[in-house]
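# Residue-level structural notes
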Amino acid sequence: MSFLWNVEILIIALVVVRISQWLYRWSNPNVRCNGKLPPGSMGFPIIGETIEFFKPCELLEIPSFFQNRMQRYGSLFRSNIMGSKTVISTDSDVIFEIFRQENQSFELSYPDVFVRVFGKDNLFFQTGNIHKHIKKSTMQLIGSEGLKRKMIQSMNQATREQLKWKANEGTFDLRNAVSSLIASYLTPKLISNLKPETQAELIDHFKAFNIDWFRSPFAPSTWKIIYKVLKARREAMQLIKEALKKRKESREKHGDFLDTLLEDMEKEDSIYDEASVINLLLVIGVVSKDTTSVATALMVNLLSKNPEVLAELKVINESLRLSNLGSILFRKALKDVEIKGELVGKDLRSVTKTLMVFGGGTRQCVGADFARLQMTVFLHHLVTTYDFLVVQECEMTRTPLPCFTKDLLINISPTFPSEPCSSKSS
């Protein structure tokens, strides 16, 4: 009995020692580095400082997560967010240096949760030449030339018809209206030969797959949203997969973006396969309506409070700045890099936080011209053809991305009354 008791005591002691060593290494990552890491805290084991990172704040405030640590540690500090050891920079010189060494010492990298939601085959997570090739392909659809040749006429007509229909509807949610508007004309540009019921179903899935899931993982509502997003993603990908299969079998040409990707996929040195083509079509359909609808709602909300802004033509860029979904940018260090005497290690991610409306470094957003054009077209038709009344102002917080806690509800009426619209544009 005494022997067994001694063995149990020994096992417990070994377990305690191992746990203590693990906790020490967790809270003191410097012990495994060849240089000096920035000051900071790794937070609680496993969850790190994720809870405070997602703590909501007012839209125009600097999140308390950053404020508190900047006051305590300075503009460069370490942390652990969503299971990733992270170095966070709010120093413009450090940010510039990280971007200067893009694809050399640093590369684009996101926490695992992004990969799980958007899919491991998502080409927007790729770097170097692969990213350049994707950008070249995508610019044919939503780059400046693609917008002129293939998009602006549909965008303009759909916006006019949507507003005309909404004028007869009464109060409506502007963000949801713009999201539906973009999906209605962009989806046929992606895949043009879908049956009406299939196209409507795909649009619904695009709308259900939104960025609202990016909030604290410890809030029960987050997992409910993630479940809906993953379900929408799965069903949208199945519809796209079926369309891709039919198009490959028929060999028909429809002049849409699917044709462009199929032509690329058939080239000998193509970076595309079926999985990546499906994912690219999905991401364009989702991201284009999400970011632009948020910025448009904020733009109209700002206009309602500051009508003089319109005369100075500053509202669009200001709306994009405030609603910027890229206010926090992730990079992974490819090797140990010393900046300002501090080590940004290869096992640590770097997060940059500054004004970069459409991405940063060598990776500028391919949808920049699309977003600006859609907002401009919408604003033009709204203010030149309609009077609008805000029924409910939108309320937004940062978590840390912009998050609507109350949607913008408006009424619009024609400045010069015309015949009512009897049906909605498809």
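Residues numbered from 1 in each chain as written. Predicted model: local features only at pLDDT ≥ 70, side-chain atom pairs only at ≥ 80, totals over all residues. Heavy atoms only, no water.

## Quick look at the overall build of the chain
For the chain, the helix and strand inventory stands at 15 helices and 15 strands. Per-residue burial for the chain yields a buried fraction of 46% across its 426 residues. Long-range contacts, defined as pairs at least 24 residues apart, comprise 69% of the intrachain contacts of the chain with a sequence gap of at least 6. A total accessible area of about 21,500 Å² is found for the chain, and carbon and sulfur atoms account for 54% of it. (Helix = DSSP H or I, 4+ residues; strand = E, 2+ residues; numbered from the N terminus. Buried < 20%, exposed > 50% of the residue type's maximum accessible area, 1.4 Å probe, protein only. Contact = heavy atoms within 4.5 Å. Areas by Shrake-Rupley, 256 points an atom, 1.4 Å probe, with all protein chains shown as cover.)

## Notes on the pairing of strand S3 (residues 84–89)
Across the 6 residues that make up S3, a large majority, 5, are buried. Of the strand pairs in this sheet, strand S2 (residues 76–81) and S3 are connected by 6 bridges, and their pairing is antiparallel. Within the sheet, the bridge partner assigned to Phe77 lies in S3 and is Ile88. From the end of S2 to the start of S3, which pair antiparallel, there are 2 residues, and Met82 there has a positive phi angle of about 55°. (Pairing = 2+ DSSP bridges.)

## As for the packing of helix H7 (residues 144–167) against helix H8 (residues 174–190)
Between H7 and H8, the least distance of the axes is 10 Å, while the angle of their chain directions is 145°. The two elements H7 and H8 meet at a crossing, and its hand is right-handed. In this structure, H7 contributes Lys150, Met151, Ser154, Met155, Ala158, Thr159, Gln162 and Lys166 to the contact, and H8 contributes Ala177, Ser180, Leu181, Tyr185, Leu186 and Lys189. Considering only residue class, the contact of H7 with H8 consists of 7 nonpolar, 4 polar and 3 charged. (Axes fitted to C-alpha atoms, helices over the stretch in contact; angles between N-to-C directions. Left-handed = near helix turned anticlockwise from the far one by under 90°. Nonpolar A, V, L, I, M, F, W, Y, C, P; charged D, E, K, R; others polar.)

## A look at the nonpolar core
Judged by nonpolar contacts, the single largest core of 78 residues is most densely connected at Leu174, Tyr185, Leu190, Ile191, Trp213 and Leu281. Broken down by element, the residue count for this core peaks at 12 residues, all from helix H12 (residues 274–305). Beyond its immediate chain neighbours, meaning those up to four positions away, Leu190 contacts Leu141, Phe206, Asp256, Phe257, Leu258, Leu281, Ile284 and Gly285. (Core = buried A, V, L, I, M, F, W, Y, C linked by side-chain atoms within 4.5 Å.)

## Some words on the sheet that holds strand S13 (residues 395–398)
Taken together, the 3 strands give an open sheet; going across it, the order is S1-S13-S14, and neighbouring strands pair in antiparallel fashion. Here the strands that pair on one side only, and so sit at the sheet edges, are strand S1 (57–58) and strand S14 (402–406). Sheet analysis places S13 next to S14, joined by 4 bridges and oriented antiparallel. Paired with Met396 across the strands is Phe404, a residue of S14.

## Things to note about the confidence of the model for the chain
Scored by pLDDT, the chain comes out at a mean of 81, with 78% of its residues at no less than 70. Element-level mean pLDDT values for the chain span from 47 in strand S9 (residues 349–353) up to 96 in strand S5 (residues 172–173). Contacts of residues 348–355 to residues separated by more than four positions or lying in other chains number 47 contacts, the stretch itself having pLDDT below 50. Low pLDDT (under 50) marks residues 419–426, which in the prediction has 10 contacts with non-local residues, meaning those over four places away or in another chain. (pLDDT = per-residue confidence, 0-100.)

## What about the layout of surface pockets?
Of the voids in this model, the largest pocket is the one considered here, and its volume is about 520 Å³. Taken together, 23 residues form the lining of the largest pocket, with Met82, Val113, Arg116, Pro217 and Trp223 sitting closest to its centre. Broken down by secondary-structure element, the contributors of at least two residues to the lining of the largest pocket are helix H5 (112–118) and helix H10 (220–250). Sort the elements by how many residues they give to the lining of the largest pocket and H5 lands first, with 4 residues. Each residue belonging to the lining of the largest pocket can be placed in one class, and the counts come to 15 nonpolar, 4 polar and 4 charged. (1 Å grid on protein atoms, 1.4 Å probe; cavity = no way out; pocket = protein on both sides within 12 Å on 5 of 7 lines; lining within 4 Å. Points joined across faces, edges and corners; volume = space filled by probe spheres on them.)

## Observations regarding the sheet that holds strand S12 (residues 386–392)
If you trace the 3 strands from one edge of the open sheet to the other, you get S5-S15-S12, paired in antiparallel fashion. Each edge of the open sheet carries a strand with a single partner, namely S5 and S12. As judged from the 6 bridges shared by S12 and strand S15 (residues 409–414), these two strands associate in the antiparallel manner. Its bridge partner lying in S15, Tyr386 is registered against Pro414. In this fold helix H15 (residues 368–385) packs onto S12 and S15, with an angle of close to 100° to the strand it touches most, S12.

## Quick look at the environment of Val277
With respect to the element layout, Val277 can be found in helix H12. Once you skip the residues sitting within four places of it in the chain, Val277 turns out to touch Leu258, Leu261, Met265 and Tyr272.

## Some details on the packing of H8 against helix H9 (residues 196–208)
Contact geometry for H8 and H9: axes closest at 10 Å, N-to-C directions at 130°. It follows that H8 is oblique to H9 by the angle criterion. As for the relative orientation of H8 and H9, their crossing is right-handed in sense. Contacts between H8 and H9 pair Asn176, Ser179, Ser180, Ala183, Ser184, Thr187, Pro188 and Leu190 from the former with Gln199, Leu202, Ile203, Phe206 and Lys207 from the latter. Residue classes in the contact of H8 with H9 are distributed as 6 nonpolar, 6 polar and 1 charged. (Parallel < 35°, antiparallel > 145°, perpendicular 65-115°, else oblique.)

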